[in-house]
Amino acid sequence: MIVCDERNVGRVKKQLSDCLQLLDHYEWLINSFVLDFFIDSHWNHLPSSWKDVLTNITPHDLANWLDHEETPKYNEPWPLSLLALKQTIKHLSLDRAPVDNLTNVKTFLKLPDNNQNWEFEPELLSESGGQHASLKHVFRKHVKPKKQHEMCRLAKLTSSICNSVHVDKVLDIGSGVGHLSRYLCYNNKLQVACVDGDDKLTNSAKKFDVELEFTVNKMLNRGDTTLQLPRAPVHVTSHIAPDMNLDNFHDILANKFSISNPAELKYGILGLHTCGDLGPVLVRMFIQDPGAVLLNSVGCCYMKIKEHFPMSNFVREQEWNKLTYTSSELACHALEMYTDRLKKEQEDKLKVHCYRALLEKLLLGRGRVEWS
């Protein structure tokens, strides 16, 4: 976990500076889009010493080179630049190991020791359909297993912090059809405002709210009291922007939450999959909004960031080539997916990228694709 405070801001700046130097040096590599492999002759751009090794390497050894924790078998000398790149990336990368609990958050916030608040629920997936075993059926409906995992973890983090700082209201920004909001509301007993700019998604979320309450009422009629019905999530159709009028926004929220004085509003800001510029915008909103007491944002689709990167004055002042659409899109990929497939001899699943790149070249050759 990276903590940026007065004591270690210098270390963070040094790590950022080193990262930018590495990105600048390998700018040609990080901007090599996989679909352009044949069009732009990516293989010919590699140093000849790299090509000599990569031509004869096994898929398993390639996976070990990509994996920070593994060491490839060196049957012959490898280029020093290739070995140095692996070690430099390992040194500069953030820890990607999944956590077993939230004690690091508790320690960072200097909160009381209450282990139950900071432990995840069992996360076993059922054999039938891979459903999250700790998630009640009413919360699994319409939700894929990946989303179930994200919901459970993020809801536990959010509710644990809210309970510790005595905040009972959360804004789920970019809430979509409201899966996370319903879980926070009905399972974690938080008052939730679903905020989304799309009327259609808001209406779908309301429909799913009604479906869940109907199911819970049927459970209650059967004598199953494992779930109660607190106040339903409230819904706000609104676009979040850096120049938005927060006073008007607070008036809307106060009305939705039935609070007479908007100045008394205190809430957490939550975003799961804050696409593109929405992530940086939430950071700015948190800084400017006196009602916001916590921010929990999980970004995605970094290549769609158009206006709000870099946010840091330090990074903005550095000399480097900046990130492009291609290099930002590269940051969205999970390295583990590729290493696992290579180690499990599932490289055939990766050949689809080759076929797609070949199709791209054929289409361009026939004049069927035009690039702007």
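Here the structure is a predicted model, which means the values were calculated and not measured. (Residues numbered from 1 in each chain as written. Predicted model: local features only at pLDDT ≥ 70, side-chain atom pairs only at ≥ 80, totals over all residues. Heavy atoms only, no water.)

Draft legend 1. Local environment of the overall build of the chain. When its secondary structure is counted, the chain shows 17 helices and five strands. In the chain, which comprises 372 residues, the share counted as buried stands at 37%. Counting every atom, the chain has about 22,400 Å² of accessible surface; 53% of that belongs to carbon and sulfur. Between the mean site of the 44 positive side-chain charges and the mean site of the 47 negative ones, the chain shows a separation of 4 Å. (Helix = DSSP H or I, 4+ residues; strand = E, 2+ residues; numbered from the N terminus. Buried < 20%, exposed > 50% of the residue type's maximum accessible area, 1.4 Å probe, protein only. Areas by Shrake-Rupley, 256 points an atom, 1.4 Å probe, with all protein chains shown as cover. Lys, Arg positive; Asp, Glu negative; His and termini not counted. Charge placed at Lys NZ, Arg CZ, Asp CG, Glu CD.)

Draft legend 2. Here's a closer look at the packing of helix H10 (residues 179-187) against helix H11 (residues 199-221). Put simply, H10 and H11 touch, their axes get as near as 10 Å, and they point 40° apart. Comparing the axis directions of H10 and H11 gives the class oblique. Once H10 is placed against H11, the crossing between them reads as right-handed. Between H10, through His179, Arg182 and Tyr186, and H11, the contact on the second element is made entirely by Ala205, Phe208, Asp209, Leu212 and Glu213. Class assignment for the residues of the contact of H10 with H11 results in four nonpolar, one polar and three charged. (Axes fitted to C-alpha atoms, helices over the stretch in contact; angles between N-to-C directions. Parallel < 35°, antiparallel > 145°, perpendicular 65-115°, else oblique. Left-handed = near helix turned anticlockwise from the far one by under 90°. Contact = heavy atoms within 4.5 Å. Nonpolar A, V, L, I, M, F, W, Y, C, P; charged D, E, K, R; others polar.)

Draft legend 3. Structural view of the packing of helix H5 (residues 59-66) against helix H16 (residues 335-343). In the contact formed by H5 and H16, the axes pass within 8 Å of each other and the chain directions differ by 155°. By the angle class used here, H5 and H16 are roughly antiparallel. Crossing hand, H5 versus H16: left-handed. Contacts between H5 and H16 involve Pro59, His60, Leu62, Ala63, Asn64 and Leu66 from the first element and Leu335, Thr339, Leu342 and Lys343 from the second. Its residues assigned to classes, the contact of H5 with H16 shows six nonpolar, three polar and one charged.

Draft legend 4. Molecular detail of H10. The buried count for H10 comes to eight of nine residues, which makes it a mostly enclosed element. Buried residues of H10: His179, Leu180, Ser181, Arg182, Tyr183, Leu184, Cys185 and Tyr186, and no others. Summarising the contacts, the buried residues of H10 are in contact with helix H8 (137-140), helix H9 (145-164), strand S1 (169-173), strand S2 (191-196), H11 and strand S4 (267-275). Backbone geometry just after H10 places Lys189 at a positive phi near 60°.

Draft legend 5. Focus on the environment of His91. Within the secondary structure layout, His91 lies in helix H6 (residues 80-92). Since its relative accessible area comes to 62%, His91 is described here as exposed.

Draft legend 6. Region of interest: the pattern of salt bridges. Summed over all chains, the structure comprises 10 salt bridges. For Asp5, the salt bridge identified is with Arg7, shortest N-O distance 3.6 Å. A relative accessible area of 78% means that Arg7 is categorised as exposed. Taking the shortest distance from any N to any O, the salt bridge between Asp18 and Lys14 comes out at 2.7 Å. Here Lys14 and Asp18 lie together in helix H1 (residues 9-25), a separation of four residues that amounts to about one turn. On the accessibility criterion, Asp18 (21% relative accessible area) is partly exposed. (Salt bridge = Lys/Arg side-chain N within 4 Å of Asp/Glu carboxyl O.)

Draft legend 7. Structural view of the environment of Gln15. Here Gln15 is to be found in helix H1. Judged by relative accessible area, Gln15 falls into the buried class, the value being 19%. Excluding residues that lie within four positions of it along the chain, Gln15 makes contacts with Ile2, Leu92 and Leu94.

Draft legend 8. Focus on the pairing of S1. In terms of burial, S1 is largely enclosed, as five of its five residues are buried. Of the strand pairs in this sheet, S1 and S2 are connected by five bridges, and their pairing is parallel. Among the inter-strand pairings, Val170 is bridged to a residue of S2, identified as Val192. Alignment of S1 against S4, held across three bridges, turns out to be parallel. Bridging across to S4, Val170 finds its partner in Gly268. (Pairing = 2+ DSSP bridges.)

Draft legend 9. Quick look at the nonpolar core. Counting residues in each nonpolar core, the largest one holds 31 residues, and the members touching the most others are Phe139, Leu180, Tyr183 and Leu184. Counting only elements with at least two residues in this core, the list comes to H8, H9, H10, H11 and S4. In terms of residues, this core owes the most to one element, H9, which gives seven residues. Setting aside residues up to four positions removed in sequence, Leu180 forms contacts with Met151, Leu154, Ala155, Asp172, Leu270 and Leu272. Counting residues in hydrophobic clusters, the runner-up holds 21 residues, among them Val195, Val234, Met285 and Ala292. (Core = buried A, V, L, I, M, F, W, Y, C linked by side-chain atoms within 4.5 Å.)

Draft legend 10. Inspection of H5 at higher detail. Among the residues of H5, Asp61, Ala63, Asn64 and Trp65 are the ones counted as buried. Where H5 is buried, its residues contact H6 and H16.

Draft legend 11. Up close: the confidence of the model for the chain. Averaged over all residues, the pLDDT of the chain is 88; the fraction at 70 or higher stands at 94%. Taken element by element, the chain is modelled with least confidence in H8, mean pLDDT 83, and with most confidence in S1, mean pLDDT 97. (pLDDT = per-residue confidence, 0-100.)

Draft legend 12. Here's a closer look at the sheet that holds S2. Sheet architecture is open: five strands sit in the order S3-S2-S1-S4-S5, paired in parallel fashion. Only two strands of the sheet have a single neighbouring strand rather than two, namely strand S3 (234-237) and strand S5 (292-300). Within this sheet the neighbouring strands show an average axis-to-axis angle of 20°, counted without direction. Running over the sheet, H11 touches S2 and S3 and is turned about 170° from S3.

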